[in-house]
Amino acid sequence: MTTHAAAPLTEILLHQGERDLPFNAVSPPIFQTSIFCFPSYDDFRDALSDEERHYLYTRGNNPTVNLCEQKLAALEGAEAAKLVSSGVAASSLAILGSLKSGEHAVVVGDCYSWVRYFFDTYLARFNIDHTYVEGTDPTEFEAAVRPNTRLFYLESPTTFTFKLQDLRAVAAIAQKRGIRTIIDNTWATPFFQNPIAHGIDIVVHSASKYLGGNSDVIGGVIAASKPVMKELFEHQFLPLGPVPDPFAAWLIMRNLRTLHLRMPRHFENALTLATMLEAHPQVEEVLYPFLPSFSQYELAQRQMRGGSGLFSFRLKTDRLEEVKGFVNSLTLFKRAVSWGGYESLVFPAAVKFNDDAVPADRLALIRVHAGIEDVGLLADDVNNALGALGGVRG
Ligand SMILES: *Cc1c(COP(=O)(O)O)cnc(C)c1O
């Protein structure tokens, strides 16, 4: 992994910002303090006049949080980053800082469901309009542009259907017109994809997934240039207050230390399971960007260095009972939302609906998170559950 950011990955993850820890501590301290005090009136005034660059109040800056942010910025190859209380806070803040009343955004339609909600209901109240596009063809963005378009909101790949956008092409369309670009980079993580290097302006993450990596913390990240981050800090973050707790920042930092060990394992396990499922007679199709059969396989290889553990597949059935049978037969895979921890999970798309109201295209779609367990055990678990499905069929 040398194509990363400026510094080698392990330097960022294990050492950056940690040369002068108090008392030669090896683990960074948790500064669990709400306020910081000043030796004099003048120091106090200086801090108040530029909160972005001073420790004043933990709703703004905190040393534990800032150390985590320094590493996150370096990982994304960004000038600066801000840790916030959740992934949705990261995207909402970045969007709010990019649009005002009367403006318009072009948005990838399969983006995270709460981002869609934000555009559909929340921003609509403030007269901010949007157009959804599938996003797999860059010309869709061009065609959707209006005179008042100020933002392209991307998520590549999306996390149920795994649709990619060509980041370089979409960024070029935006730059020509002075339109800002935001991408949700949660799936790939900065380990596998650095959108800023492709010309994207702002990267957001849910740190609750791989950056946290242990299903024990909720957080979000915004990374961008210094001027953009300064504006977001002063005009969105300070007034709205989605503050990350210093302990959450410390947990994320601790878990980041193993990012370079976890991600290749998620990739390997996902690819093994996806390949196995694709060859199984009970499986209709598998959606994983790094399967050679995937419709955007070449684009995936061009703009990402690898894939994470999340993919989806369709069972060959139109009966919900069979989907339930498969999901209930799994013993290692846990049935849960979210992903990005060490553990393998399944999320059947149908579970979001009442049993009698499942849309046909969601009924047999199952999302899988390949954790970092022994892949042989995971494969056995899936094969046994598929075998039970065959039994139901008779
Ligand atoms: C989980 C997720 C989010 C939201 O993050 P939270 O930390 O749960 O608020 C946003 N985008 C994607 C792609 C996600 O998977």
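Parameters at a glance
Residues numbered from 1 in each chain as written. Predicted model: local features only at pLDDT ≥ 70, side-chain atom pairs only at ≥ 80, totals over all residues. Heavy atoms only, no water. Helix = DSSP H or I, 4+ residues; strand = E, 2+ residues; numbered from the N terminus. Rg over C-alpha atoms; globule rule 2.2 N^0.38 Å. Buried < 20%, exposed > 50% of the residue type's maximum accessible area, 1.4 Å probe, protein only. Contact = heavy atoms within 4.5 Å. Areas by Shrake-Rupley, 256 points an atom, 1.4 Å probe, with all protein chains shown as cover. Lys, Arg positive; Asp, Glu negative; His and termini not counted. Charge placed at Lys NZ, Arg CZ, Asp CG, Glu CD. Polar contact = N/O pair within 3.5 Å; in protein donor to acceptor, adjacent residues only side chain to side chain. Pairing = 2+ DSSP bridges. Axes fitted to C-alpha atoms, helices over the stretch in contact; angles between N-to-C directions. Parallel < 35°, antiparallel > 145°, perpendicular 65-115°, else oblique. Left-handed = near helix turned anticlockwise from the far one by under 90°. Nonpolar A, V, L, I, M, F, W, Y, C, P; charged D, E, K, R; others polar. Near = heavy atom within 4 Å. Domains from an automatic or database assignment. Buried area = accessible area lost by both parts, 1.4 Å probe. Salt bridge = Lys/Arg side-chain N within 4 Å of Asp/Glu carboxyl O.

**Examining the overall build of the chain**
Right, so step 1: A count of helical and extended segments in the chain gives 15 helices and 12 strands.
Right, so step 2: Against the 2.2 N^0.38 benchmark of 21 Å for 394 residues, the chain shows a C-alpha radius of gyration of 22 Å, consistent with a compact globule.
Right, so step 3: With respect to the three principal axes, the spread of C-alpha positions in the chain is 80 × 55 × 40 Å.
Right, so step 4: Taking all 394 residues of the chain together, 55% fall into the buried category.
Right, so step 5: Pairs at least 24 residues apart make up 71% of the contacts formed inside the chain by residues separated by at least 6 positions.
Right, so step 6: Taken as a whole, the chain presents about 17000 Å² of accessible surface, with 55% of it coming from carbon and sulfur.
Right, so step 7: Taking the 35 positively charged and 44 negatively charged side chains of the chain as two groups, their mean positions are separated by 1 Å.

**Overview of the side chain of Asn185**
Right, so step 1: Its location among the elements puts Asn185 in the loop between strand 5 (180-184) and helix 8 (189-192).
Right, so step 2: Separated by 2.8 Å, the side chains of Asn185 and Gln193 make a polar contact.
Right, so step 3: Apart from residues lying up to four places away in sequence, Asn185 is in contact with Glu76, Ser156, Pro190, Gln193, Pro195, Val203, Val204 and His205.

**Observations regarding the sheet that holds strand 9 (residues 310-315)**
Right, so step 1: On the basis of which strands lie adjacent, the open sheet formed by five strands has the order 8-9-12-11-10 and mixed pairing. The outermost strands of the open sheet, each flanked by one partner alone, are strand 8 (283-287) and strand 10 (334-335).
Right, so step 2: Here four bridges tie strand 8 to strand 9, and the two strands are oriented antiparallel to one another. Counterpart to Val283 in the pairing with strand 9 is Leu315.
Right, so step 3: The strands that helix 11 (residues 259-278) touches are strand 8, strand 9 and strand 12 (365-369); relative to strand 9, the one it contacts most, it runs at about 10°.
Right, so step 4: Against the sheet, helix 13 (residues 320-329) makes contact with strand 9, strand 10, strand 11 (345-348) and strand 12, and its axis sits at roughly 135° relative to strand 9, the strand it touches most.

**Comments concerning the packing of helix 4 (residues 87-96) against helix 9 (residues 226-240)**
Right, so step 1: Where helix 4 meets helix 9, the closest approach of the two axes is 10 Å, and the angle between their N-to-C directions is 130°. By the angle class used here, helix 4 and helix 9 are oblique. In the packing of helix 4 onto helix 9, the handedness of the crossing is right-handed. In this structure, helix 4 uses Leu93, Ala94 and Leu96 to contact helix 9, whose residues at the interface are Leu232, Gln236, Phe237 and Leu240.
Right, so step 2: When the residues that make up the contact of helix 4 with helix 9 are grouped by side-chain class, the tally is six nonpolar, one polar and no charged.

**With respect to the site of the ligand**
Right, so step 1: Taken together, the neighbourhood of the ligand is formed by 13 residues, with Gly87, Asp184, Ser206, Ser208 and Lys209 sitting nearest.
Right, so step 2: Contacts to the ligand include Val88, whose backbone N or O atom sits 2.9 Å from an oxygen atom.
Right, so step 3: The contact in question runs from an oxygen atom of the ligand to an N or O atom on the side chain of Ser206, over 2.8 Å.
Right, so step 4: Relative to its free-state accessible area of 380 Å², the ligand is covered by the protein chains to the extent of 91%.
Right, so step 5: Across the shell around the ligand, the residue classes break down as three nonpolar, seven polar and three charged.

**Regarding the pairing of strand 6 (residues 202-206)**
Right, so step 1: Burial analysis of strand 6 places five of its five residues in the buried class, which makes it a mostly covered element.
Right, so step 2: Side chains of strand 6 alternate between two faces, with Ile202, Val204 and Ser206 and Val203 and His205 buried alike.
Right, so step 3: Examined bridge by bridge, strand 5 and strand 6 share three bridges and lie parallel to one another. Residue pairing for strand 6: Ile183 is matched across the bridge by Val203.
Right, so step 4: Two elements, strand 6 and strand 7 (residues 220-224), share four bridges in a ladder whose sense is antiparallel. Opposite Ser206, over in strand 7, you have Gly220 as the bridge partner.

**Structural notes on the domain arrangement of the chain**
Right, so step 1: Here the chain is partitioned into domain 1 (9-30 + 62-256) and domain 2 (261-393).
Right, so step 2: Taken over C-alpha atoms, the centre of domain 1 sits 26 Å from the centre of domain 2.
Right, so step 3: Counting residues at the interface gives 33 residues for domain 1 and 37 residues for domain 2.
Right, so step 4: Between domain 1 and domain 2, roughly 2800 Å² of surface is buried when both sides are summed, and carbon and sulfur atoms account for 59% of that area.

**Re the pattern of salt bridges**
Right, so step 1: Under the defined criterion, the tally for this structure stands at 22 salt bridges.
Right, so step 2: For Glu11, the salt bridge identified is with Arg19, shortest N-O distance 2.9 Å.
Right, so step 3: Arg19 gets classed as exposed once you look at its relative accessible area, which sits at 58%.
Right, so step 4: Between Arg319 and Glu322 there is a salt bridge, with the nearest N and O atoms lying 3.9 Å from each other.
Right, so step 5: With a relative accessible area of 40%, Arg319 lands in the partly exposed category.
Right, so step 6: Three or more residues are tied together by salt bridges with common partners; here these are Asp50, Glu52, Arg53, Lys230 and Glu234.

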